[in-house]
Amino acid sequence: MSLLQSTQLRPDASASAARRAFIRAWPEFQNPVAWLVALILVIMPLIANGFFLIEIFGTTLILGIIALSLMFLAGYGGMVSLMQLTIAGFAGYMVAVFGVSANTNISLGWPWWLATPMALALATLFGTLGGALAVRTEGIYTIMITLAIGAAFYYFTNQNWAIFNGHTGINTVATPQFWGVDWRSDIAFYYVILGVAAICYFAVQYVSRAPFGLALQGVRDNARRMAALGFNTNAHRIAAYAFASFVAALGGVLQVWNYRQISPGSVSVGACIDILIIAIVGGITRPIGPFIGALIFVLLRTFALDFLVKVGLDGNRFRLLIGLGFLAIVFWSSDGVIGLWERWRRRDASAGARPGGGRHG
Amino acid sequence: MTRFIERHPVWALIVIIAVAVLLWLVFAIWPPGLEAAVGRKRVFLNAILNGITLGGLYFLVASGFTLIFGLMRNVNLAHGSLYLFGGYIGYAISTWTGSWILSFIVAFIGVALLGVLLQIVVFRRMEGQDLRQTMVTIGLSIVFADLMLWVFGGDFYQVQTPSWLIGPVPLPLITAVKSSGEPVYLQYPLVRLVIFVASVVIGIAMWLALNRTRIGMIVRAGVDDRDILAATGVRIQLVFVLVFALGAGLAGIAGVVGGTFQSLSPGEDTRFLLASLVVVIVGGMGSIPGAALGAVIIGLAEQLGSVYIPTYAIVVTFLIMVLVLALRPQGLLARR
């Protein structure tokens, strides 16, 4: 009898266990705020006009994807790579070189469904090789090496006319059109970006909880102990670079479709550092951080000029504002805006002294 | 030296052959076949000399960077901004007073003071937090770049070369032989030679100061293990401030040098930051002789590259970095 009972109970128990495991794996699905944000993002085309849809939210999501790849490396792997934008830019250049553009002497004119995977593959390869180089040294050197790679690529695109068309870059890059839809029209393109961003976000979230991600975090915390346990630490790091490069490459492809042109200015050292700023300001402990940072960055970039002029200052001092804001964040919060918000909430919760209040973050 | 030959006979042989070929190319009169294949010898010699003098400039920038990094583990990504700041100070002083020498002194003192300020106000508060310090230097480089753009605008400036240094001098290097049998000697700008000699003198002075004086001994001990050094009673904070001031001041001097034989404009800060990064990665982080070797290698690679493979010149520099990282990740002359 007892045997029968236990067999009757088992499916129920395993179902609830599976449910619990699912919740533990994806806590977002339990969070009403996350559902609300998702809903707003999905119905955004009803709320926002074309300018806001692409210039603000589309750009935010694209920069967020690129910064997300940095967040993955820095947050889970402990490797602050300044070349994520370079990888994205490389992917963008490859789309322009293999695909169709106004520079017919350079572009090979492949259809988009061939050029895009090619660009993604090459950019991932580029990023993985760069990563393999960067993991030769440790810790703080990573920044130097990746910055050197990024800067070298920038000067190379400036110098080279055969592939990258020098400082004028490649213009009027074709964007995909199929099934009777122009995928670069505002609303369709917004959904493309949103879809890719969501996939990247959940992929990073998933990888961070998969055995590989856990091992990577182990390598971050104590590489020597992980090596003693039999993990190939360098292989884990390089694999992390490969994954992050693919994410960054996706962002780069979207970016070149967004602006329809690419030039050395898109991969300049300043732009590489902007990605770091976005990730740090947003917070590098959680995948949502880069998107928050990107939103702040894009809003500042778009409206700082008007704002500064209105306050009576020189409108060109946008970068000064960004730099000072970044310094303030680095000084007062090691975990960006998310950290500030959490600290504020914790203080709020302890001040209110609600019994059992405050979820575990 | 002999130990290096004993331990790496093959590498030593390759280095010796490369140096011998280079010396032959510099001193011999090129046979017509070679000139037809490679180009005029004058072009080659100019590229070599430009590369070496550029290496001198790179050494000035990178030695400060590597000194600060070696002692304080602070990757100062605002080093390029210090370079550009020094250049602008030098430009302002030289147009105001007309004295080239004075502009060096003022640039050194001005940028060194800025370095002292940075070390005391900013970096001392976050000692031991490498990553955070680096982030702060990135933020500072953005702020400095924008402030300098604000004050000086986007124009190109050039520090006036003093009249007694203008003009070429003949060097005892034969570029070609005329049909009459009369040798043609190479003409080279005097100012670049003077600056190169000055950077060699500064390099030797630094080497002597580091290896032959008490303060140099303290700095070297700090590079090896600053915690133990602090425990022996040395006032390590004072040493940090001094080294930061020296490193920053060198960047300032380099700015005036760069402003004299190149030009100053926004974006130069990034260029010289990249140069010092690559030089230090190639030469070995925290090593002054490494910075000198790396600077000459990178300077030569850049100049020869831009003469013989113009659109891929930066790739040569980059490949050297890749090669060094692949074979000797700690850099050519690092002891670690």
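Residues numbered from 1 in each chain as written. Chains lettered and ligands numbered in written order. Predicted model: local features only at pLDDT ≥ 70, side-chain atom pairs only at ≥ 80, totals over all residues.

Participant: What am I meant to see in the overall build of chain A here?
Facilitator: From N to C terminus, chain A includes 15 helices and two strands. The buried share of chain A, taken over its 361 residues, is 43%. For chain A, long-range pairs separated by at least 24 residues make up 74% of all intrachain contacts whose partners lie at least 6 apart in sequence. (Helix = DSSP H or I, 4+ residues; strand = E, 2+ residues; numbered from the N terminus. Buried ≥ 20, exposed ≤ 12 C-beta atoms within 10 Å, placed from the backbone. Contact = placed C-beta atoms within 7 Å.)

Participant: Which parts of the structure should I look at to understand the overall build of chain B?
Facilitator: Each helix and strand counted, chain B has 14 helices and two strands in total. In terms of overall size, chain B behaves like a compact globule, its C-alpha atoms giving a radius of gyration of 21 Å where 336 residues would be expected to give roughly 20 Å. The buried share of chain B, reckoned over its 336 residues, is 45%. In chain B, of all internal contacts separated by at least 6 residues, the share reaching a separation of at least 24 is 74%. (Rg over C-alpha atoms; globule rule 2.2 N^0.38 Å.)

Participant: I keep staring at the nonpolar core and nothing clicks. Help me out?
Facilitator: In summary, soluble globular proteins display a tendency toward joint burial of nonpolar side chains. Counting residues in each nonpolar core, the largest one holds 194 residues, and the members touching the most others are A:A148, B:V61 and B:I281. Residue contacts for B:I281: discarding those within four places in its chain leaves A:M144, A:I145, A:A148, B:M321, B:V324, B:L325 and B:G331. (Core = buried A, V, L, I, M, F, W, Y, C linked by C-beta atoms within 7 Å.)

Participant: What is the right way to read the environment of A:G166 from this model?
Facilitator: Residue and element names in this part refer to chain A. Structurally, G166 is set in the loop between α7 (141-159) and β1 (177-178). For G166, a count of 15 C-beta atoms within 10 Å corresponds to the partly exposed category. Not counting chain neighbours up to four residues away, the residues in contact with G166 comprise N158, N160 and W161.

Participant: Could you clarify how one ought to interpret the interface of chain A and chain B in this entry?
Facilitator: A common way to express how large an interface is: the accessible area buried when the components associate. Each partner contributes residues to the interface: chain A has 32 residues there, and chain B has 31 residues. Secondary structure elements with two or more residues in the side of chain A that touches chain B: α7, α12 (269-282) and α14 (318-332) of chain A. It is α7(A) that provides the largest number of residues to the side of chain A that touches chain B, a total of ten residues. Split into classes, the residues belonging to the side of chain A that touches chain B amount to 24 nonpolar, five polar and three charged. (Nonpolar A, V, L, I, M, F, W, Y, C, P; charged D, E, K, R; others polar.)

Participant: Explanation requested: the environment of A:Y76 in the structure shown.
Facilitator: Residue and element names in this part refer to chain A. Along the chain, the position of Y76 falls in helix α4 (residues 50-77). A count of 24 C-beta atoms within 10 Å places Y76 in the buried class. Distance in space between the C-alpha atoms of Y76 and L120 is 23 Å, their sequence separation being 44 residues. If near-sequence neighbours (up to four positions away) are discounted, Y76 is found in contact with S208, G213, L216, Q217 and R220.

Participant: Which parts of the structure should I look at to understand α14(A)?
Facilitator: Three- or four-residue spacings in an α-helix give side chains the same orientation, since the helix completes a turn every 3.6 residues. A rise of 1.5 Å per residue sets the reference length of α14(A), with its 15 residues, at 21 Å; its end C-alpha atoms lie 21 Å apart and thus fit the reference within 8%. The complete set of buried residues in α14(A) reads A:L320, A:I322, A:G323, A:F326, A:I329 and A:V330. (Expected span 1.5 Å × (residues − 1).)

Participant: How should the environment of A:C272 be read in this particular structure?
Facilitator: All names here are of chain A. If you trace the backbone, C272 turns up in helix α12. C-beta crowding within 10 Å serves as the criterion here: with 26 such atoms nearby, C272 is assigned to the buried category. Sequence separation between C272 and W110 is 162 residues, and the spatial gap between their C-alpha atoms is 29 Å. Leave out the neighbours within four places in its chain, and C272 touches L82, M83, L85, T86 and G150.

Participant: How do you make sense of the pairing of strand β1 (residues 168-177) of chain B when you look at a structure like this?
Facilitator: Successive residues of a regular strand alternate their side chains across the two faces of the sheet. Residue and element names in this part refer to chain B. Two strands pair when backbone bridges link them, and β1 and strand β2 (residues 183-189) are joined in this way by seven bridges, in the antiparallel orientation. Bridging across to β2, V177 finds its partner in P183. Counted between consecutive antiparallel strands, the loop separating β1 from β2 contains five residues, among which G181 sits at a positive phi close to 90°. (Pairing = 2+ DSSP bridges.)

Participant: Honestly, unusual backbone geometry in this entry has me stumped. Any pointers?
Facilitator: Across the chain, the bulk of peptide bonds are trans and the bulk of non-glycine residues have phi less than zero. Unlike most non-glycine residues, A:R260 shows phi in positive territory, near 60°. Tracing the backbone through its elements, the reader meets A:R260 in the loop between α11 (233-259) and α12.

Participant: Sorry, what's going on with the confidence of the model for chain B here?
Facilitator: The predicted coordinates should not be examined in detail at positions where pLDDT is low. Residues at a pLDDT of 70 or more form 99% of chain B, whose mean pLDDT is 84. Model confidence for the complex: the whole-complex pTM is 0.82, and ipTM, which rates the interface, is 0.76. (pLDDT = per-residue confidence, 0-100.)

Participant: Is there a simple way to explain the packing of helix α4 (residues 41-72) of chain B against helix α11 (residues 236-261) of chain B in this structure?
Facilitator: How two helices pack is summed up by the angle between their axes together with the distance between the axes. Residue and element names in this part refer to chain B. Where α4 contacts α11, the axes come no closer than 8 Å and their chain directions differ by 165°. Between α4 and α11, the angle is such that the two are roughly antiparallel. The two elements α4 and α11 meet at a crossing, and its hand is left-handed. Residues L57, L60, V61, S63, G64, F65, L67, I68, L71 and M72 of α4 pack against F240, V243, F244, L246, G247, A248, L250, A251, I253, A254, V257 and G258 of α11. A per-class count over the contact of α4 with α11 returns 18 nonpolar, four polar and no charged. (Axes fitted to C-alpha atoms, helices over the stretch in contact; angles between N-to-C directions. Parallel < 35°, antiparallel > 145°, perpendicular 65-115°, else oblique. Left-handed = near helix turned anticlockwise from the far one by under 90°.)

Participant: Quick question: what am I supposed to make of the packing of helix α12 (residues 268-283) of chain B against helix α13 (residues 288-308) of chain B here?
Facilitator: Residues and elements named next belong to chain B. Interhelical geometry of α12 versus α13 gives an angle of 120° and a closest axis separation of 8 Å. Between α12 and α13 lies a crossing of right-handed hand. On α13, the residues that touch A275, V278, V279, V280, V282 and G283 of α12 are G290, A291, L293, G294, A295, I297 and I298. For the contact of α12 with α13, the class distribution of residues is ten nonpolar, three polar and no charged.

Participant: I'm lost on the confidence of the model for chain A in this one. Help?
Facilitator: All names here are of chain A. Scored by pLDDT, chain A comes out at a mean of 79, with 86% of its residues at no less than 70. The model gives residues 1-9 a pLDDT under 50, and that stretch makes zero contacts with residues more than four places away or in other chains. Note that residues 354-361 has pLDDT below 50 and, in this model, five contacts with residues that lie over four places away or in other chains.

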